[in-house]
Amino acid sequence: FALVAWLRTIAREGIDLCAPRAALAALAAALAFLWIDATVLRTLHHWLGIDWSLPAMWRSTLVQTVLSILWAGIALAAMVAANRRAAYAPWIAGAVLLGLVVLKLFVIDLSSIGAIERIVSFIGVGLLLLVIGYLAPVPPRRKEQAT
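Below: a short report on this structure. (Residues numbered from 1 in each chain as written. Predicted model: local features only at pLDDT ≥ 70, side-chain atom pairs only at ≥ 80, totals over all residues. Heavy atoms only, no water.)

Structural notes on helix 2 (residues 21–48)
Every α-helix winds through 3.6 residues per turn, so residues three or four apart in the chain are directed the same way. Compared with the 40 Å implied by 1.5 Å per residue over 28 residues, the 40 Å span of helix 2 between its first and last C-alpha is a close match. Every buried residue of helix 2 is listed here: Leu24, Ala28, Asp37, Leu41 and Leu44. Backbone geometry just downstream of helix 2 places glycine 49 in the positive-phi region, at approximately 75°. (Helix = DSSP H or I, 4+ residues; strand = E, 2+ residues; numbered from the N terminus. Expected span 1.5 Å × (residues − 1). Buried < 20%, exposed > 50% of the residue type's maximum accessible area, 1.4 Å probe, protein only.)

Focus: the side chain of lysine 104
Summarising the element assignment, lysine 104 is placed in helix 5 (residues 88–112). Filtering out sequence-adjacent residues up to four positions away, lysine 104 remains in contact with Gln64, Leu67, Ser68, Trp71 and Asp109. (Contact = heavy atoms within 4.5 Å.)

A word on a nonpolar patch on the surface
Together, Ile92, Val96, Leu100, Val102, Leu103, Phe106, Val107, Leu110 and Leu129 make up a nonpolar patch on the protein surface, roughly 750 Å² of accessible area in all. The biggest single contributor to the nonpolar patch is helix 5, with eight residues. In this structure leucine 110 comes out as partly exposed when scored by relative accessible area, which is 37%. (Patch = residues over 30% accessible without salt bridge, like charges linked within 9 Å, V, L, I, M, F, W, Y side chains within 5 Å. Areas by Shrake-Rupley, 256 points an atom, 1.4 Å probe, with all protein chains shown as cover. Salt bridge = Lys/Arg side-chain N within 4 Å of Asp/Glu carboxyl O.)

Section: the environment of alanine 86
Relative to the helices and strands, alanine 86 is located in the loop between helix 4 (61–85) and helix 5. Take alanine 86: its relative accessible area is 30%, and that puts it in the partly exposed class. Considering only alpha carbons, one finds alanine 86 and alanine 25, 61 residues apart in sequence, at a separation of 16 Å.

Some points on helix 4
Here helix 4 contains 25 residues, and its C-alpha end-to-end distance of 36 Å stays within 8% of the 36 Å for a straight helix at 1.5 Å per residue. Where helix 4 terminates, the next one or two residues include alanine 86, which has phi positive at roughly 55°.

Overview of the packing of aromatic side chains
Under the definition given, this model contains two aromatic pairs. Between phenylalanine 106 and phenylalanine 122, the ring centres sit 5.7 Å apart and the planes meet at 80°, which makes this aromatic pair edge-to-face. Taken together, the positions of phenylalanine 106 in helix 5 and phenylalanine 122 in helix 6 (residues 115–135) put the pair 16 residues apart, joining distant regions of the chain. Exposure remark for phenylalanine 122: the relative accessible area of 27% places this residue in the partly exposed category. A cation over a ring is seen here: arginine 42 above tryptophan 52, with NZ or CZ 4.6 Å from the ring centre. (Phe/Tyr/Trp six-rings, centres within 6.5 Å; stacked < 30°, edge-to-face > 60°. Lys NZ or Arg CZ within 6 Å of the ring centre and 35° of its normal.)

Details of the packing of helix 2 against helix 4
Contact pair helix 2 / helix 4: the axes reach a minimum separation of 11 Å and the direction vectors enclose 150°. Once helix 2 is placed against helix 4, the crossing between them reads as right-handed. Here Phe33, Ile36, Asp37, Val40, Leu41, Leu44 and Leu48 of helix 2 come into contact with helix 4, specifically with Leu62, Val63, Val66, Leu67, Leu70, Trp71 and Ile74. When the residues that make up the contact of helix 2 with helix 4 are grouped by side-chain class, the tally is 13 nonpolar, no polar and one charged. (Axes fitted to C-alpha atoms, helices over the stretch in contact; angles between N-to-C directions. Left-handed = near helix turned anticlockwise from the far one by under 90°. Nonpolar A, V, L, I, M, F, W, Y, C, P; charged D, E, K, R; others polar.)

Some details on the nonpolar core
By size, the foremost hydrophobic cluster in this structure holds 24 residues, and its most contacted members are Val63, Leu67, Trp71, Ala72, Met79 and Leu98. Counting residues per element, the ones that place at least two in this core are helix 2, helix 4, helix 5 and helix 6. Broken down by element, this core gets its largest block of residues, ten residues, from helix 4. Here leucine 98 is in contact with Ala72, Ala75, Met79, Leu129 and Ile132, once residues within four sequence places are set aside. (Core = buried A, V, L, I, M, F, W, Y, C linked by side-chain atoms within 4.5 Å.)

Function cannot be read off these values alone, since they describe shape.
What follows is the structure, given as structure tokens:
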């Protein structure tokens, strides 16, 4: 939040940065993504008693299901926001995240998750994919970006 506030202040003041604004915005988005993931993992650790270690989190079927649905939800939010602003790059970032979720579903979730968790994970992500298809189709490229 501090990075976003700083970027807005700099834009308002008209200060030229040595780094492109798009790179700083991508850094802010990546930090927010990691913060949300860490918050959800820490919540699962405290509420459900899952050990706070990488191997224990990796083996937990509940963690894998929650991460799949969380990442698909983040992709939904990014793609809908990008569609509303007609911004192509954030929409592509959301689509890449969705691709990673689908890859994770088939590589990790399908091979190691039990029946109930697998069903919840696939149905949850599938429903979010349907919502994305309805609410956030690909925004048109701007004319200056197309050339």
